[in-house]
Structure formats: C-alpha cells, structure tokens
Amino acid sequence: MHAYQIKAGQQIAGLELAERNAAAPAAREVRVRIHAVSLNYRDLMVADGKYLSTADKAVIPCSDGAGEVIAVGEQVTRFRVGDRVAASFFPDWIEGPPTRQNTAGSLGAAIDGMLAEETVLHEDALVAIPEYLSYVEAAAIPCAGVTAWNALFAAGDIKPGDSVLLLGTGGVSIWALQLARAAGLQTIITSSSDEKLDRACALGAFAAINYKKTPEWHKEVLQLTAGRGVDLVLEVGGQDTLNRSIASARTGGTVAIIGGVSGFGGEFNPFALIGGAKHLSGIFVGSRSMFEDLNRFLGITEIHPAVDRIFPFSQAREAYTHLKNAGHFGKVVIEVTP
Ligand SMILES: NC(=O)c1ccc[n+]([C@@H]2O[C@H](COP(=O)([O-])OP(=O)(O)OC[C@H]3O[C@@H](n4cnc5c(N)ncnc54)[C@H](OP(=O)(O)O)[C@@H]3O)[C@@H](O)[C@H]2O)c1
C-alpha cells in the first residue's frame, strides 16, 4: 500500500510517497482503509521539526483520518468489517485525565499516522464516526474538533449563555465556533480577513473583529461584553495574542492555552492573572472518551464541519502548502481513496 512519510524537520519538500507493507492485524488490531485525512497546524510543525515529540526516523504523518474497517484480529470486539471509524489522536489516552504515559505517542508525530491508503491500529485507538458525516467531514474531527470540545466542555466548564473568544478562522477556532453556537454560547471571533469574518458570522458568530484593522482588539472584546470580558478564550495565537487574550477574559475567567500560530515565545505579566483572579489552562487535544462525547453531540446537532478545500492523495504537498499559506477557513482535507 502507498503511504506518505516524512522525517521531522525535512520541511514540506521532504514529504515523499513510499510503498509500505500492509501488515496483517494482530489479535486486537483492526485494519482500516483510509478514505480521508485532514491537516492540522501541528503537521506543519512536524515538517518544520518544531513539534513537541517526534521520531528520529521517517514516519507516516497526520493524526486525523477516517475510513472503513477491512479486517479485524481474532479477539476484536469493538468493530466489524465495514464499520466507519476514525482514529483518536492519542491511541493510549482512552479516558480520565491525561498522564505522561497516555500522551507520549500521538499519531503522525512520534508514531505512524494516517496519510496512507491503509493503517493497522489497536481497536481501542478507534472510534465509530457519526452516520450523517461523510469520510471527508469525519476526517476533520480528531485533532481540531476534540481540542475545541475539550477546551469548551471538558477542561472548560462553560454553560449555555456564556461567552467565548476565538482567535482566527483555522481548524480549532471554526470547530469551536460551530460547537459553541450549537450549545447556545455567545462567540466573538477575530480574523485577518473581513471575508472570513463574514463567513464566521454566517455560522453564527455574535461579533467579529479584524485583528489587522483593530490591533487593540481586546478593547473591542471588552466593549462587546459591556466591560466584563469573556468567560473563556481559546488561545491559539501565542506570543502575539496571549496578553490581549488575558485582557479579554473576565475576572475569574479562563484562557485555554492551545497553540501559538504567531510563535511560542513572549512574556506576560503575572499581575494580569493575579489582579483578575484569572486562570491559564493548558489543553492537549483530548481522550478517546472526549471524542466519543463529541460524536454524541454531533449526532444530536448534525453539525457539518467547515471543510475549506479537498485535495487528492497525489497532491499532499500542495495541501500542506495551502494550510501553510493560511488562506483557509476551517479544515483542509486530503481525499485518499474517494
Ligand atoms: N494544544 C493542542 O492540543 C492543540 C490542538 C490543535 C491545535 N493546536 C494549536 O492551535 C493552533 C491552531 O491550530 P489549527 O490547526 O487550528 O491551525 P490553522 O488551521 O492552521 O489556523 C491558522 C489560523 O490562525 C490564524 N492566525 C494566524 N495568526 C494569527 C494572529 N496573530 N491572531 C489570531 N489568529 C491568527 C489565521 O486565521 P485568519 O486567516 O482568520 O487570520 C490562520 O488561518 C496551532 O498553534 C496548533 O499547533 C494545539
């Protein structure tokens, strides 16, 4: 079977198509024909050699894939041939809190991931995908969708009517917008593009701020919330946005630290937290059980994730470049086997 592989740090140009053996599944393993894979910013970080943990050999990249079970090991009980499944970002984090052990290996970084025609995984690493979603849509869930779900409803204890600030219109933020809208939350979203902000409003954003035209956007967030600030910020911006995100949170509110699309350095003043009794909370995707909770919510709300563009398997490098250029809105998907 064909699979892409990349060694961390080799850049997008190092992504190469290879022939890999399609191993037979062991007793509790499942073989999946992958139909679609979605890209995440972390896949660019792996290519750049800047991700948290990577292997020192070439691995199959990408955490997010959805497909069809084509063979099962003799002791598999969770799935049957023909089932539609997706892989969970951390194959070993099933439920409960994160630990060093259950978050040590994520698909497509430390261990082989999903950008391949087939994969073989332990049955516990897989979840059934909602029936109403296509493979392309289901491939958009595992990293960005579960991260947004965790930040809002697992680590975060947000209630209907609460307010949430979302930064930019990438995968995590647009998932969070769609989930927050369906759960009755008030969302404020930023973007560098008025056209993307119009699209975010069409998806139900309460207010939209162009962070290029309004560099002091935290002041507008405060105005929009009558001086109070938002209950929760999903902080994906990093060094250019962290201090404004903290300023945007209400007294006693939370800034969920998720990413750093502008870089992971920078400084912040602890007084900004102490004075407002605010919380910073690190989010690391989520467990399989969070993925299952999200799927149950999707089954009820029938949200269709915003898929920006679909590339064929032969154009994986082009798909990576499209993500890197940040012209997208929501998720970028590679269709492996239509
Ligand atoms: N902790 C975790 O478990 C976890 C999980 C998933 C992702 N992440 C991290 O979260 C971040 C976002 O990931 P993603 O996959 O959603 O990325 P993505 O789809 O590549 O989104 C990138 C978007 O970020 C926005 N952006 C860029 N600079 C910005 C700035 N200065 N202020 C506000 N927005 C800015 C842009 O939106 P506009 O074009 O609208 O301006 C851009 O399109 C990354 O750092 C990623 O590593 C972490």
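Residues numbered from 1 in each chain as written. Predicted model: local features only at pLDDT ≥ 70, side-chain atom pairs only at ≥ 80, totals over all residues. Heavy atoms only, no water.

Novice: Could you give an account of the sheet that holds strand β10 (residues 207-210), with specific residues and numbers?
Specialist: The strand order across the open sheet formed by six strands is β10-β9-β8-β11-β12-β13, and the pairing between neighbours is parallel. Where the open sheet ends on each side, the last strands, each with one partner, are β10 and β13 (279-282). Sheet twist, expressed as the mean angle between neighbouring strand axes with direction ignored, is 20 degrees. Here four bridges tie strand β9 (residues 186-191) to β10, and the two strands are oriented parallel to one another. Following the sheet pairing, Ile188 is matched in β10 by Ala207. (Pairing = 2+ DSSP bridges. Helix = DSSP H or I, 4+ residues; strand = E, 2+ residues; numbered from the N terminus. Axes fitted to C-alpha atoms, helices over the stretch in contact; angles between N-to-C directions.)

Novice: Before we move on, can you summarise the pattern of salt bridges with the specific residues and values?
Specialist: A full pass over the atoms with the stated rule returns 15 salt bridges. Residue Asp124 is joined to Arg288 by a salt bridge in which the shortest nitrogen-to-oxygen separation is 3.8 Å. Taken together, the positions of Asp124 in the loop between β6 (118-122) and β7 (126-128) and Arg288 in helix α9 (residues 288-301) put the pair 164 residues apart, joining distant regions of the chain. In the salt-bridge network here, residues are joined through shared partners; they are Arg28, Arg78, Glu123, Asp124, Arg288 and Glu292. (Salt bridge = Lys/Arg side-chain N within 4 Å of Asp/Glu carboxyl O.)

Novice: Describe the packing of aromatic side chains, with residues and values.
Specialist: In total, this model carries seven aromatic pairs according to the counting rule given. Aromatic side chains Phe89 and Phe90 sit 4.8 Å apart centroid to centroid with 85 degrees between the ring planes, which places their arrangement in the edge-to-face category. Relative accessible area serves as the criterion here: at 1%, Phe90 is assigned to the buried category. Measuring from ring centre to ring centre gives 5.9 Å for Phe90 and Trp93, while their planes differ by 50 degrees; the resulting arrangement is tilted. For the pair shown, Phe90 and Trp93 are each scored as buried. Joined through ring pairs, the aromatic side chains of Phe89, Phe90, Trp93 and Phe284 make up one cluster. In this structure, Arg42 packs its charged tip against the face of Tyr51, placed 4.8 Å from the ring centre. Over the ring of Tyr135 we find Arg84, and its NZ or CZ is 4.9 Å from the ring centre. (Phe/Tyr/Trp six-rings, centres within 6.5 Å; stacked < 30°, edge-to-face > 60°. Buried < 20%, exposed > 50% of the residue type's maximum accessible area, 1.4 Å probe, protein only. Lys NZ or Arg CZ within 6 Å of the ring centre and 35° of its normal.)

Novice: Tell me about the packing of helix α3 (residues 141-154) against α9, and name the residues and values.
Specialist: Two measures define how a pair of helices packs: the angle their axes make with one another and the distance between the axes. It is the contact of α3 with α9, at a shortest axis distance of 9 Å, that shows an interaxial angle of 90 degrees. Viewed along their axes, α3 and α9 adopt a mutual orientation that is roughly perpendicular. For the pair α3 and α9, the contacting residues are Ile141, Pro142, Gly145, Val146, Trp149, Asn150 and Ala154 in the first and Met290, Phe291, Asp293, Leu294, Asn295, Phe297 and Leu298 in the second. A per-class count over the contact of α3 with α9 returns ten nonpolar, three polar and one charged. (Parallel < 35°, antiparallel > 145°, perpendicular 65-115°, else oblique. Contact = heavy atoms within 4.5 Å. Nonpolar A, V, L, I, M, F, W, Y, C, P; charged D, E, K, R; others polar.)

Novice: Can you tell me about the site of the ligand, naming the residues and giving the values?
Specialist: Of all residues adjacent to the ligand, which total 27 residues, the nearest are Thr169, Ser191, Tyr211, Ile283 and Val285. Within the contact set of the ligand, an oxygen atom lies 2.7 Å away from a side-chain nitrogen or oxygen of Ser192. Here His328 contributes a side-chain N or O atom positioned 2.8 Å from an oxygen atom of the ligand. When the free accessible area of the ligand is taken as 930 Å², the share hidden by the protein chains comes to 90%. Taken together, the residues of the shell around the ligand break down into 14 nonpolar, twelve polar and one charged. Composition of the shell around the ligand by domain shows at least three residues from each of domain 1 (2-144 + 286-335) and domain 2 (156-282). (Near = heavy atom within 4 Å. Polar contact = N/O pair within 3.5 Å; in protein donor to acceptor, adjacent residues only side chain to side chain. Areas by Shrake-Rupley, 256 points an atom, 1.4 Å probe, with all protein chains shown as cover. Domains from an automatic or database assignment.)

Novice: If you had to explain the nonpolar core to someone new, which residues and values would you point to?
Specialist: By size, the foremost hydrophobic cluster in this structure holds 71 residues, and its most contacted members are Leu152, Trp175 and Leu179. Per-element accounting of this core gives the leading share, eight residues, to α3. Structurally, this core is a two-domain feature, drawing no fewer than three residues from each of domain 1 (2-144 + 286-335) and domain 2 (156-282). Excluding residues within four positions of it along the chain, Leu179 makes contact with Gly145, Ala148, Trp149, Leu152, Phe153, Leu294, Phe297, Leu298 and Ile303. Judged by nonpolar contacts, the second largest core, of 36 residues, contains Ala87, Ala316, Ala319 and Tyr320. (Core = buried A, V, L, I, M, F, W, Y, C linked by side-chain atoms within 4.5 Å.)

Novice: I'd like a description of the domain arrangement of the protein chain, backed by residues and values.
Specialist: Along its sequence, the protein chain is carved into domain 1 (2-144 + 286-335) and domain 2 (156-282). A separation of 27 Å is found between the C-alpha centroids of domain 1 and domain 2. The interface of domain 1 with domain 2 comprises 19 residues on the first partner and 17 residues on the second. Both sides of the domain 1 and domain 2 interface together cover about 1400 Å² of buried area, and 72% of this is carbon and sulfur. Looking only at domain 1, the three residues that lose the most surface to domain 2 are Ala144, Ile303 and Phe329, adding up to 40% of its buried area. Inspection of the region where domain 1 meets domain 2 yields zero salt bridges. Taken together, the links from domain 1 to domain 2 amount to seven residue pairs in polar contact (both at pLDDT 80 or more). Per element, the largest residue contribution to the side of domain 1 that touches domain 2 is four residues, and it comes from α9. Tallied by class, residues from the side of domain 1 that touches domain 2 come to 13 nonpolar, five polar and one charged. (Buried area = accessible area lost by both parts, 1.4 Å probe.)

Novice: Go over the side chain of Asn295, please, and point to the residues and values.
Specialist: For Asn295, the location among the structural elements is in helix α9. Residue classification places Asn295 among the buried positions, given a relative accessible area of 10%.

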